[in-house]
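Listed below, chain by chain, are the residues.
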Amino acid sequence: MALVLNEEQQFLKDAASKFFQDDAPVSHFREIRDSNNKLGYSKELWTKMANLGWAGILVSEEYGGSDFGMMGMGTILEEAGKTLTPSPLFSTALLGATLLELGGNEEQKSEYLPKLVEGELTTAFALEEGTRHDPSNIATEAKKEGGDFILNGKKTFVLDGHSANLLIVAARTGGSSSETSGISLFCVDPNLEGVDVTKMSMLDSRNAAEISFSNVKIPVDNLLAELGNGFGIIEEVINKAQIGISAEMLGNASQAFQITLSYLKERKQFGVLIGSFQALKHRAAVMYSELELTKSSVVGAMNAIDEQSNDVARFASMAKYKAGETAYLVSNESVQMHGGYGVTDEYDIGFFMKRARVAEQIFGNSNYHLDRYATLSEY
Amino acid sequence: MSNLQAFREETKDWLEANCPPEMRKPGDVCWGGRNATFSHPDQEIWLERMGDKGWTCPTWPKEYGGGGLSKEENKVLQDEMASMGARMPLGSFGIWMLGPALLEFATEEQKLEHLPAIVKGEFWWCQGYSEPGSGSDLASLSTKAVEDGDNYIINGQKIWTSFADKADKIFCLVRTGAQEPKHEGISFILIDMDQPGVTTKPITLISGKSPFCETFFDDATAPKKDLVGGFNKGWTVAKRLLEHERTMISSMGLSGRSEGGQKSSGLAEMSKKYVGTDANNKISEPVLRSKIAQHDLNSRAFGLTMQRVGEETKVGAPSPAAAMGKYYGTEHNKLRYELMLEAMGTKGIGWEGESFSMEELAITRDWLRTKANSIEGGTSEVQLNVISKRVLGLPD
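Residues numbered from 1 in each chain as written. Chains lettered and ligands numbered in written order. Predicted model: local features only at pLDDT ≥ 70, side-chain atom pairs only at ≥ 80, totals over all residues.

Engineer: Requested: an account of the overall build of chain B, with residues and values cited.
Structural biologist: Secondary structure summary: chain B contains 11 helices and eight strands in total. Its C-alpha atoms give chain B a radius of gyration of 22 Å, near enough to 21 Å, the size a compact globule of 396 residues would have. Over its C-alpha atoms, taken along the principal directions, chain B stretches across nearly 80 × 55 × 50 Å. Counting every position in chain B, which comprises 396 residues, the buried fraction comes to 42%. Across chain B, contacts joining residues at least 24 apart in sequence account for 69% of those joining residues at least 6 apart. (Helix = DSSP H or I, 4+ residues; strand = E, 2+ residues; numbered from the N terminus. Rg over C-alpha atoms; globule rule 2.2 N^0.38 Å. Buried ≥ 20, exposed ≤ 12 C-beta atoms within 10 Å, placed from the backbone. Contact = placed C-beta atoms within 7 Å.)

Right, dumping it as structure tokens:
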């Protein structure tokens, strides 16, 4: 297993790091938050990212992508996490691209993927219905009536759900709630009659939405993958998504730690730098150790995807668990070590904590993954 | 076929032809020395063959008796040995600590004298660092070496000298200069244990018998040529050797790691046995189950970290992350034993006798022994100091 980036991956990492620092530093996020931008991200920035090939990083070459793999995707997400850059990278380039690649037929792929790669089509994955991640807990129903499916139900915490041009909805076409069989995936135009999208105003000022479907008519051609057999694809997509969001959280925690470390080296109290206090030094050293373990978990998991390991699910849970625990530790400690400034809106450090808490909820929190790891390990 | 692939084939063939059957089973490790003892004749044969090949120290240069292997080749060798179940041919502080320091700081003459002997396990080396009054503040040590013709005369006491009662030689920190500034009056010297001026006394720990000893020097002597790294310049050697020691100890935290592919961990199996399982084959105590999952995840993450750090560092060079490995590995290992005791319940708190199995008693004793993991080789607090200073650059 390769745990160190190869030359090509390192090149991408350096390019991404430079791009986000130059074009979308934390001040860019602050501007978007304060400008009441309805979209929640900069369209211009997303076009630039798409031009760099990042929207199509997981898309196969025949549809215009680069098929660079998870190491590439994770690396970009990690760098974007350092600058808290909002963009459709996760919802579209990871979730949407993977769902369409795995579930789409030839026609669907040719219709959607090239536009997605160009940055014209953005997607949102409407899966969750409860207060926590539970992929088989689906009550939303799609009933076949003639040449259509009639969709009814309510989704929540749909990332980028209010801005996407295309919704990919998990709905029941059979079975009962919490059963894994009988779940199907549908491509849904958010402008159809009966689709009601409400933007959720989240802690991290990023985008999520509640979406309700009331007798929405969906043509049968919009069925993605096999009828009733969507869950296998959902699981595969979720594993990737868990690793991707872990990479973003790693970037978030690494950067919060760097900012805090700099603060410890410049802030003086009692006539000395506060970084000379052992009470803070030891806590910083513990954070460093946890960050190192998190980095290895995330890189190991990205690599497991690219190497098609048969242990991907446990790798994904390890990455998300470590990323969750470390982001929790580092964000809390970072705010505390900044003292009064840490709790002001003027300082950026609080942004990292807010984003960390939202990311923690995406596709399973640490408790979820601890339990999942034990179950997958047969104990 | 790539060079590495060819090397793998050769290595496999050589091991197949040379590793005796008994050495392909788990068992004790031989520590060599003048009075080497072997628990089985195959152990001696294995040591001799590996020593001749230089594979007790695979990455050391050939001119000093080592195997001359690259980092990648060494990995192949370790993989092949592991897949055969081949036992480590020789345990030695000479290999893990002294040798790497000699390679960096010794004169050519000293290297030629000591390194090949380490490779072949001719002497059992022990380490003379801590003193009764100098633990974490190691540089305050006061064992004195005074010049006397071609020799030094050494007086003082060392403590926590592992295997001092069995060792042939000791690498030792002594004061050859003033007590202050404390780092500048220290020399690194090699002393023969087989002389009237050196006596040892074993130390009993909370876990019972231990390899630790106190070592007393009463007008002991060492030839001047055995001073390594320069007069009063021993602290530099000492620090580097400590980094090698940390790297050695870090690997302890890996003992319970679960490999990819292998499902249930040792801790989980143990809990199933003592605590029982529910209808879904889950450990019936949910709190213990989640602690074990946490521990298993961290074992895996730590294992990957040691692997990654290994890939990022040059062969023979200690990594700046060694302090992190020592800190995390030992704390993690302590926790592992706490969880075993938690799983075993009243079977985990016996001292001796028929009410407990040998394995249970051994685990309880080992649990007590692990309490020293985060003290020996630099306490966890010292490691955190090293990380904050050397890695994070925080001010004094």
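Engineer: Provide a residue-level description of the overall build of chain A, including the pertinent values.
Structural biologist: Regarding its fold elements, chain A presents 11 helices and 10 strands. Against the globule reference of 21 Å for 379 residues, chain A gives a C-alpha radius of gyration of 21 Å, in line with a compact fold. Overall, the C-alpha framework of chain A stretches about 80 × 50 × 40 Å when taken along its three principal axes. The buried share among the 379 residues of chain A stands at 53%. Long-range pairs, those at least 24 residues apart, make up 74% of the contacts in chain A between residues at least 6 apart in sequence.

Engineer: Describe the environment of M302 of chain A, with residues and values.
Structural biologist: All names here are of chain A. Within the secondary structure, M302 sits in helix α8 (residues 278–306). Overall, M302 belongs to the buried group, with 30 C-beta atoms counted inside 10 Å. Put simply, M302 and H133 are 169 residues apart on the chain and 21 Å apart in space, counted from C-alpha to C-alpha. Dropping the residues within four chain positions of it, M302 is found in contact with M70, M71, G74, I243 and A247.

Engineer: Give a description of the packing of helix α4 (residues 70–83) of chain A against helix α5 (residues 89–103) of chain A that names residues and reports values.
Structural biologist: Residues and elements named next belong to chain A. In contact at an axis separation of 12 Å, α4 and α5 are set at 170 degrees when each is read in the N-to-C sense. On the basis of the axis angle, α4 is roughly antiparallel to α5. Between α4 and α5, the contacting residues are M73, I76, L77 and A80 on the first element and L89, F90 and L94 on the second. Classifying every residue of the contact of α4 with α5 gives seven nonpolar, no polar and no charged. (Axes fitted to C-alpha atoms, helices over the stretch in contact; angles between N-to-C directions. Parallel < 35°, antiparallel > 145°, perpendicular 65-115°, else oblique. Nonpolar A, V, L, I, M, F, W, Y, C, P; charged D, E, K, R; others polar.)

Engineer: Now, about the domain arrangement of chain A: what can you tell me, with residues and values included?
Structural biologist: One frequent convention defines the size of an interface as the accessible area lost when the parts assemble. Residue and element names in this part refer to chain A. Segmenting chain A into domains produces domain 1 (7–121), domain 2 (125–228) and domain 3 (232–376). Between the C-alpha centres of domain 1 and domain 3 the distance comes to 21 Å. Counting residues at the interface gives 21 residues for domain 1, matched by 25 residues for domain 3. In terms of residues, the side of domain 1 that touches domain 3 owes the most to one element, α4, which gives 10 residues. Residues belonging to the side of domain 1 that touches domain 3 are distributed by class as follows: 13 nonpolar, five polar and three charged. (Domains from an automatic or database assignment.)

Engineer: Can you tell me about the domain arrangement of chain B, naming the residues and giving the values?
Structural biologist: All names here are of chain B. Split by domain assignment, chain B resolves into domain 1 (3–98), domain 2 (125–232) and domain 3 (240–391). Spacing between the C-alpha centres of domain 2 and domain 3 amounts to 31 Å. Across the contact, six residues belong to domain 2 and seven residues belong to domain 3.

Engineer: Describe helix α2 (residues 41–53) of chain B, with residues and values.
Structural biologist: All names here are of chain B. For α2, which comprises 13 residues, the first-to-last C-alpha distance of 19 Å matches the rise-based estimate of 18 Å (1.5 Å per residue) to within 8%. For α2, the elements touching its buried residues are α5 (108–119). The positive-phi residue at the C-terminal boundary of α2 is G54, with phi of around 80 degrees. (Expected span 1.5 Å × (residues − 1).)

Engineer: Help me get a handle on the nonpolar core, residues and values and all.
Structural biologist: In terms of nonpolar packing, the biggest core is built from 151 residues, with A126, I168 and F186 of chain A touching the most fellow members. Considering every element that reaches this core, the biggest residue donor is helix α7 (residues 231–264) of chain A, with 16 residues. If you look at the next biggest cluster of nonpolar residues, it comprises 60 residues, including W124, V228, A238 and L242 of chain B. (Core = buried A, V, L, I, M, F, W, Y, C linked by C-beta atoms within 7 Å.)

Engineer: Let's hear about the environment of S178 of chain A: which residues, and what values?
Structural biologist: Residue and element names in this part refer to chain A. Tracing the backbone shows S178 in the loop between β4 (166–172) and β5 (183–188). Residues S178 and P135, 43 residues apart in the sequence, show an inter-C-alpha distance of 8.0 Å. Setting aside chain neighbours within four positions, we find S178 in contact with S136 and N137.

Engineer: With reference to specific residues and values, describe the interface of chain B and chain A.
Structural biologist: The interface of chain B with chain A comprises 39 residues on the first partner and 31 residues on the second. At the level of secondary structure, the elements contributing two or more residues to the side of chain B that touches chain A comprise α7 (266–275), α8 (286–312), α9 (322–344) and α11 (380–391) of chain B. When the residues that make up the side of chain B that touches chain A are grouped by side-chain class, the tally is 17 nonpolar, 12 polar and 10 charged.

Engineer: Tell me about the packing of α7 of chain B against α8 of chain B, and please be specific about residues and values.
Structural biologist: Residues and elements named next belong to chain B. At their nearest, the axes of α7 and α8 sit 10 Å apart, and the two run at 165 degrees to each other. The angle between α7 and α8 places the two elements in the roughly antiparallel class. In the crossing of α7 with α8, the sense of the turn from one axis to the other is right-handed. Listed contacts from α8 to L267, A268, S271 and V275 of α7 are L288, I292, H295 and D296. The class makeup of the residues in the contact of α7 with α8 is five nonpolar, two polar and one charged. (Left-handed = near helix turned anticlockwise from the far one by under 90°.)

Engineer: Quick one: what's the story with unusual backbone geometry, residue by residue and with numbers?
Structural biologist: Residue and element names in this part refer to chain B. Each neighbour pair has its own omega, and for E180 with P181 the value is -10 degrees, a cis peptide bond. Tracing the sequence through the fold places P181 in the loop between β4 (169–175) and β5 (186–192). Notably, W160 is not glycine yet its phi reads approximately 60 degrees, a positive angle. You can see W160 is positioned in strand β3 (residues 151–162).

Engineer: Tell me what's going on with the pairing of β4 of chain A, and back it up with residues and numbers.
Structural biologist: Residues and elements named next belong to chain A. Within β4, seven of the seven residues are buried, which leaves the element mostly enclosed by the surrounding structure. Along β4, one buried face is formed by L166, I168, A170 and R172 and the opposite face, lined by L167, V169 and A171, is buried too. Here strand β1 (residues 123–126) runs beside β4; their pairing, made up of four bridges, is parallel. Residue pairing for β4: T123 is matched across the bridge by L166. With six bridges joining them, β4 and β5 adopt antiparallel strand pairing. Across the sheet, R172 pairs through a bridge with I183, a residue of β5. (Pairing = 2+ DSSP bridges.)

Engineer: So what's going on with the pairing of strand β2 (residues 141–145) of chain A? Residues and values would help.
Structural biologist: Residues and elements named next belong to chain A. Strand direction decides the pairing type here: β2 and strand β3 (residues 148–159), joined by five bridges, are antiparallel. Paired with E145 across the bridge in β3 is D148. Linking β2 back to β3 in an antiparallel pair, the connection comprises two residues, with G146 at a positive phi of about 65 degrees.

Engineer: Could you give an account of the confidence of the model for chain B, naming the residues involved and the relevant values?
Structural biologist: Residue and element names in this part refer to chain B. Here chain B averages 93 in pLDDT, and 95% of its residues register 70 or above. Scored below 50 in pLDDT, residues 255–261 shows 16 contacts in the model against residues more than four places distant or in partner chains. Both scores are given for the predicted complex: the pTM is 0.90, the ipTM 0.94. (pLDDT = per-residue confidence, 0-100.)

Engineer: Hey, could you go over the environment of G364 of chain A for me, with residue numbers and the actual values?
Structural biologist: Residues and elements named next belong to chain A. Within the secondary structure, G364 is located in the loop between α10 (349–361) and α11 (366–376). Residue classification places G364 among the buried positions, given that 25 C-beta atoms sit within 10 Å. Residues G364 and H133 lie 231 residues apart in sequence; the distance between their C-alpha atoms is 4.9 Å. Apart from residues no more than four positions distant in its own chain, G364 is found in contact with H133, Q242, K320 and H369.

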